[in-house]
Amino acid sequence: RAQSLLANARCNVDLPPMYRTSEIWLDEDAELGAARCRVRVLVPPDAGVGAILFVHGGGFAFCSPETHERCARVLAIESGLPVVLPDYRLAPEYPFPAGLKDVISVLRSIFDATESVGVSRGPLLVSGDSAGANLALAAMLHEQAAGRGLPDGALLFYGNYARSFETPSYI
């Protein structure tokens, strides 16, 4: 993980300025099985209403909101929406579905959009890269199966959705 942080540091230069950045903690959801979760909130200048939940990739075992800081800031600037990054639990210390439960809990918190999250109620998108795209999609499928509200859209970048590492798209 330390090597991953160092390797990703090269991407986190020339960070676009934000109107506001903050970190909050969302309480655990014992019923869901989600842990207390640190969340980074990036609000761009002239932010619109709504938000994007961006779930970082990293093979389910690496990376963090810090490794994906520039990516999330660019997404905030280009979309004009606040971006929320959960620091979900990682494997192997926390096997599946621990990280997914954390992402679902954060999604629900943003869906309810309270001032404590730091975003205004409005259109909600989920996003993620690689393993994060997998978790974002899995969170939507979970909420659909539970009969709960769904985000207004998804921005899923090079998602890892299959069990095989031999598919043409993976290769």
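Provided above is the structure to which this section pertains.
Residues numbered from 1 in each chain as written. Predicted model: local features only at pLDDT ≥ 70, side-chain atom pairs only at ≥ 80, totals over all residues. Heavy atoms only, no water.

J.: So what exactly am I meant to see when it comes to helix α3 (residues 98–112) here?
T.: Given 3.6 residues to a turn, an α-helix orients residues that are three or four positions apart in the same direction. Taking 1.5 Å of rise per residue, the 15 residues of α3 would be expected to cover 21 Å, and the 22 Å separating its terminal C-alpha atoms lies within 8% of that figure. Of all the 15 residues making up α3, eleven are buried; the element is thus mostly covered by neighbouring parts of the structure. Of all the residues in α3, the buried ones are A98, G99, L100, D102, V103, I104, S105, V106, L107, R108 and I110. Those residues of α3 that are buried are in contact with β1 (20–26), β2 (37–43), β3 (51–55), β4 (83–86), β5 (124–129) and α4 (131–145). (Helix = DSSP H or I, 4+ residues; strand = E, 2+ residues; numbered from the N terminus. Expected span 1.5 Å × (residues − 1). Buried < 20%, exposed > 50% of the residue type's maximum accessible area, 1.4 Å probe, protein only. Contact = heavy atoms within 4.5 Å.)

J.: How should the environment of E69 be read in this particular structure?
T.: Position of E69 among the secondary structure elements: in helix α2 (residues 69–79). The spacing of E69 and R89 is 20 residues in sequence and 18 Å in space, taken between C-alpha atoms. Apart from the residues within four sequence positions on either side, E69 is in contact with N12, L15, R40 and L42. In terms of polar contacts, E69 uses its side chain to reach the side chain of R73, at 2.7 Å. (Polar contact = N/O pair within 3.5 Å; in protein donor to acceptor, adjacent residues only side chain to side chain.)

J.: Sorry if this is basic, but what is going on with the sheet that holds β2 here?
T.: Through backbone hydrogen bonds, the strands of a sheet pair up, either in parallel or in antiparallel fashion. Spatially, β1-β2-β4-β3-β5-β6 is the arrangement adopted by the six strands of the open sheet, whose pairing is mixed. A strand with exactly one partner marks an edge of an open sheet, and here the two such strands are β1 and β6 (153–157). Direction aside, the axes of adjacent strands within the sheet are offset by 20° on average. Judged from the five bridges that link them, β3 and β5 form a sheet pairing that is parallel. The residue of β5 that forms the bridge with L53 is V126. Against the sheet, α2 engages β1, β2, β3, β4, β5 and β6, with an angle of about 45° to β2. Packing of α3 onto the sheet brings it into contact with β1, β2, β3, β4 and β5, and relative to β3 it is tilted by some 170°. (Pairing = 2+ DSSP bridges. Axes fitted to C-alpha atoms, helices over the stretch in contact; angles between N-to-C directions.)

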